[in-house]
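# Survey of secondary and tertiary structure
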Amino acid sequence: MPVTVVGSIAFDAVKTASGEREKMLGGAAVHFALAASFFDEVRVVGPVGDDFGEAELTVLRTRGVDVSDVEHVAGGRTFFWKGEYSWDFNERETLDTQLNVFEHFDPKLSDASRSSEVLFLANIVPDLQRQVRQQCPDARFVALDSMNLWIDIARDSLVETIGMVDCLILNDGELRQLTGQAKLVGAAREVLSWGGPSVVVAKLGEYGAALITAEDYFQMPAFPLSTVVDPTGAGDTFAGGFVGYIAAHPGEERSPEMLRRAMAYGTVIASYNVEEFGTERVARLTGPEIADRVAELERMMHFSDSPIQLRG
Ligand code: AMP
């Protein structure tokens, strides 16, 4: 099933313990689209400014991503984000966010984008996410990401929007903040009780991700890497692999086995993403490279009990 993603298309400036970049292609929608492009057709919706050129579009087109709904705002500048990571990559400080063309963004989806059966609402202001959701009434699987900023300043709108999607993907800290529940499982179950999403994915950074549904709890570790270069976009890349895999399995959207495999694909593509800056690694990633790490992850996760006589 084709996938439509709406969200930021950006230039990022990033500093990590491994080095820095002043201006590189980024944005949640871009990271998502590159990852999801391994599974199905992907259409990106979002605005860019005059500074966004053919070189950037080519990165997406090379992976077969449909960029006809990337809206060029004449005279505008592309969304810009600048961040710095702590030495262990576990904390990130945002140093600058310039909304630029996003400030007056009024998403208008083409018929092709509206007709996608799978929709990803990447992290943008929840009112806009809702507007896009309403333009795709026939979507069969809709996933949403958000961030602490919107929980702080637009919680009611965010909760309303979450009520209109099938899957919520958030960092564990954001899930706790959103629900006021101290424990991850309690927080996820609270979201499930709202009657919207039937699938909650908690991103756990270096520790992987957890999937919580009414029937299942499943935790996948991150693919073990000794070094990381730049974690920017790891969450969106994970979401692209996860949602892309689901899109490639129509009719099985809520099967626990399929959701677990989707977690593996998201995890593996995200592991490649963090090995280089921005989109550099995923832009030249291949299917066989993904398959190799998925097989390795499957081997690592294998566990079978050999019962012993327990005392007591
Ligand atoms: P992640 O590392 O998965 O959280 O995503 C990082 C990406 O999100 C970067 O490429 C940024 O361009 C983008 N980003 C950062 N802040 C925002 C924001 N407030 N709204 C939309 N996108 C953002």
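Here goes a summary of the coordinates provided. Bear in mind that the values here come from a model prediction, so they are computed numbers and not experimental data.

Scoring rules and cut-offs
- Residues numbered from 1 in each chain as written.
- Predicted model: local features only at pLDDT ≥ 70, side-chain atom pairs only at ≥ 80, totals over all residues.
- Heavy atoms only, no water.
- Helix = DSSP H or I, 4+ residues; strand = E, 2+ residues; numbered from the N terminus.
- Rg over C-alpha atoms; globule rule 2.2 N^0.38 Å.
- Buried < 20%, exposed > 50% of the residue type's maximum accessible area, 1.4 Å probe, protein only.
- Contact = heavy atoms within 4.5 Å.
- Areas by Shrake-Rupley, 256 points an atom, 1.4 Å probe, with all protein chains shown as cover.
- Lys, Arg positive; Asp, Glu negative; His and termini not counted.
- Charge placed at Lys NZ, Arg CZ, Asp CG, Glu CD.
- Pairing = 2+ DSSP bridges.
- Axes fitted to C-alpha atoms, helices over the stretch in contact; angles between N-to-C directions.
- Disulfide = S-S within 2.5 Å.

## Details of the overall build of the protein
Assigned secondary structure in the protein consists of eleven helices and 13 strands. The C-alpha atoms of the protein give 19 Å as radius of gyration, which agrees with the globular expectation for 312 residues (20 Å, within 12%). Expressed along its principal axes, the backbone C-alpha trace of the protein runs to roughly 75 × 40 × 35 Å. Buried residues in the protein amount to 53% of all 312 residues. Partitioning the contacts of the protein with sequence separation of at least 6, the portion at a separation of at least 24 is 64%. By element, 49% of the accessible surface of the protein is carried by carbon and sulfur atoms, the whole surface being about 14000 Å². Between the mean site of the 27 positive side-chain charges and the mean site of the 47 negative ones, the protein shows a separation of 3 Å.

## Some thoughts on the sheet that holds strand β2 (residues 10-16)
Across the sheet, which stays open at both edges, the four strands sit in the order β3-β2-β6-β7 with mixed pairing between neighbours. At either margin of the open sheet sits one strand with a lone partner, and together these are β3 (19-26) and β7 (92-98). When strand polarity is set aside, the average angle formed by the axes of neighbouring strands in this sheet is 15 degrees. Examined bridge by bridge, strand β6 (residues 79-85) and β7 share six bridges and lie antiparallel to one another.

## Looking at the state of the cysteines
Scanning all chains against the criterion turns up zero disulfides. No disulfide involves C136; its nearest neighbouring cysteine sulfur is the one of C167, lying 16 Å away. Judged by relative accessible area, which is 1%, C136 ranks as buried. The class of C167 is buried, set by a relative accessible area of 0%.

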